[in-house]
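The primary structure of each chain is shown beneath.
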Amino acid sequence: MAAAKPVVSAEALKTRLERFSRLSLADLPTPLLDCPRLSGKLGGPRILVKREDLTGMAFGGNKVREFEYSVAPAIREGYDVLLHGAASQSNQSRLTAALAARYGLKAVMVGRRDAHSRPVNGNLLLDHLFGAEVHLVDRAEEKDRVIGRLKAEGQRVYNTSTDGYYLRSISYVDGFLELWAQLRDRDVRPDGLYVCSGVHTHVGLVVGARALGVPLRVVGISPSPQDDEKDAANLAGVANTVAEMLALDLTFTGDDFESHGAFAGDGYGVLTDASREAVLLAARTEALILDPVYTGKAFGAMIRHIREGQWRPEQTVVFVHTGGTPALFAYAEEILDSNPSRPR
Ligand SMILES: *Cc1c(COP(=O)(O)O)cnc(C)c1O
């Protein structure tokens, strides 16, 4: 890819980001780990891992960086409740509960009663530990009932999925600046970047790269099956709003986003063979802990692309480790099931 002209300098972009209010939650910068044993094993490119799993607070992950921006309005404006509803092993639920504990707010989680809600372990255990009011429900409408009850009680409810939505992507424009400074310090020019993302991490990294004029293939792996073309168009829409919020003279279309839903397999949170292989390979070559729901699937995609010859040994690829570590413990049986070295 040819280098494009930067639309803004790194310093000017930083100044624009500083106009947003921000909580101080994450240990930054997160490390950038070189993985020579993994590269050797795959006969592939140099692989660097951006350790967003080490953002610090409550087992870390990309939500810690996102919440610095996206939950700042809730604290500033004196909301009473932080709410989140998703799968029982949601990392976002865990960090919503952790943040509420730290700021003395009430946390309400509406988790799904699903394959990983019993026995209580992983993220769900941590939701309880942080003192969240936890509801496990079978149908999504039950979440609306819980929200309705809280509002009837006169509580101001901040939903960490929908409120501050665009600010979550803004946080990863900042994340890109941080990564880029680290790469420049090491004199590394990466050719590609892999990230597991529904929306925000992917959008933020692409907007950051384009703003600085950095030519980079950013490969987004969705944790859920999707229509890739529709998803790319949706990501472009979010990116255009983010560009506007940062006063960047940039326009995005679906062509600017490479997003794959096929690596999600049968569904969100359902383990795939490739994800299991990735979790084991990362652990056994680099002592790097991935999770089965997000990073295992994205890492599996990267391995697949390397094996297909999409990356050559002289190239460099960055894998953004978005966290998710606690969910691993709720998948113990499945991870070990087809594993020949399983203790018996
Ligand atoms: C939430 C989450 C993602 C996706 O985050 P986006 O905000 O959609 O980019 C990826 N990985 C892990 C581990 C997560 O918890």
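These numbers come from a predicted model, not from an experiment.

A.B. asks: Would you explain the pattern of salt bridges in this entry?
C.D. replies: On inspection of all chains with the given rule, the structure shows 21 salt bridges. Across the salt bridge formed by Glu178 and Lys50, the nearest N and O atoms sit 2.6 Å from each other. Of the two residues, Glu178 is situated in helix α8 (residues 165-185) and Lys50 in strand β2 (residues 46-51); the sequence distance between them amounts to 128 residues. Lys50 sits in the buried class, given a relative accessible area of 3%. Notably, a salt bridge pairs Glu66 with Arg168, separated by 2.7 Å at the nearest N-O pair.

A.B. asks: I tried to follow the site of the ligand on my own but got confused; where do I start?
C.D. replies: Close to the ligand lie 15 residues, the nearest being Lys63, Glu66, Ser197, Thr201 and Thr322. Measuring from an oxygen atom of the ligand, one finds a side-chain N or O atom of Lys63 at 3.0 Å. Between Val199 and the ligand, the recorded distance is 3.1 Å, taken from a backbone N or O atom to an oxygen atom. Here the ligand loses 94% of its free accessible area of 390 Å² to cover by the protein chains. Counting residues per element, the shell around the ligand draws most heavily on helix α3 (residues 62-70), which supplies three residues. Its residues placed into classes, the shell around the ligand shows three nonpolar, nine polar and three charged.

A.B. asks: It is not clear to me how the pairing of β2 should be interpreted in this structure. Could you clarify?
C.D. replies: Remark: a regular strand shows side chains that alternate across the two faces of the sheet. Extensive coverage of β2 is indicated by the burial of five of its six residues. Bridge analysis of strand β1 (residues 32-34) against β2 gives three bridges, and the strand direction is antiparallel. What sits directly across from Leu32, in β2, is Lys50. Pairing of β2 with strand β10 (residues 316-321), which is carried by six bridges, proceeds in the parallel orientation. Bridge assignment links Arg46 to a residue of β10, and that residue is Thr316.

A.B. asks: I'm lost on the pairing of strand β3 (residues 81-86) in this one. Help?
C.D. replies: Taken across its six residues, β3 has six buried, putting it largely inside the fold. Residues Val81, Leu83 and Gly85 line one face of β3 and the alternating positions Leu82, His84 and Ala86 line the opposite face, and both faces are buried. Pairing geometry for β3 and strand β4 (residues 106-112), over six bridges, is parallel. Bridge pairing in β4 links Val81 to Lys106. Pairing analysis gives three bridges linking β3 to strand β6 (residues 157-159), with the strands arranged parallel. Bridged to Leu82 within β6 is Tyr158.

A.B. asks: What exactly am I supposed to notice about the packing of helix α9 (residues 200-211) against helix α10 (residues 228-245) here?
C.D. replies: When two helices pack together, their arrangement is given by the angle between their axes and by how far apart the axes lie. As a packed pair, α9 and α10 sit with axes 10 Å apart at the nearest point and diverge in direction by 55°. By the criterion of interaxial angle, the relationship of α9 to α10 is oblique. The handedness of the crossing between α9 and α10 comes out as right-handed. For the pair α9 and α10, contact is made by His202, Val203 and Val207 and by Leu235, Val238, Ala239 and Val242, respectively.

A.B. asks: So what exactly am I meant to see when it comes to the side chain of Ser90 here?
C.D. replies: Looking at where Ser90 falls in the secondary structure, it is placed in the loop between β3 and α5 (91-103). On the accessibility criterion, Ser90 (4% relative accessible area) is buried. One polar contact links the side chain of Ser90 to the main-chain amide nitrogen of Gln92, over a distance of 3.1 Å. Once you skip the residues sitting within four places of it in the chain, Ser90 turns out to touch His84 and Asn123.

A.B. asks: Looking at this structure, I do not really get the sheet that holds β6. What am I missing?
C.D. replies: For sheets, the rule is that strands pair by backbone hydrogen bonds, running either parallel or antiparallel. Read from one edge of the open sheet, four strands run β5-β4-β3-β6, paired in parallel fashion. Two strands lie at the open edges of the sheet, namely β5 (133-137) and β6, each paired on one side alone. Strand-to-strand twist of the sheet, defined as the mean angle between neighbouring strand axes without regard to direction, takes the value 20°. In this sheet, β5 lies alongside β4 in parallel orientation, the contact comprising five bridges. Residue pairing for β5: Val108 is matched across the bridge by Glu133.

Rules behind the numbers
Residues numbered from 1 in each chain as written. Predicted model: local features only at pLDDT ≥ 70, side-chain atom pairs only at ≥ 80, totals over all residues. Heavy atoms only, no water. Salt bridge = Lys/Arg side-chain N within 4 Å of Asp/Glu carboxyl O. Helix = DSSP H or I, 4+ residues; strand = E, 2+ residues; numbered from the N terminus. Buried < 20%, exposed > 50% of the residue type's maximum accessible area, 1.4 Å probe, protein only. Near = heavy atom within 4 Å. Polar contact = N/O pair within 3.5 Å; in protein donor to acceptor, adjacent residues only side chain to side chain. Areas by Shrake-Rupley, 256 points an atom, 1.4 Å probe, with all protein chains shown as cover. Nonpolar A, V, L, I, M, F, W, Y, C, P; charged D, E, K, R; others polar. Pairing = 2+ DSSP bridges. Axes fitted to C-alpha atoms, helices over the stretch in contact; angles between N-to-C directions. Parallel < 35°, antiparallel > 145°, perpendicular 65-115°, else oblique. Left-handed = near helix turned anticlockwise from the far one by under 90°. Contact = heavy atoms within 4.5 Å.

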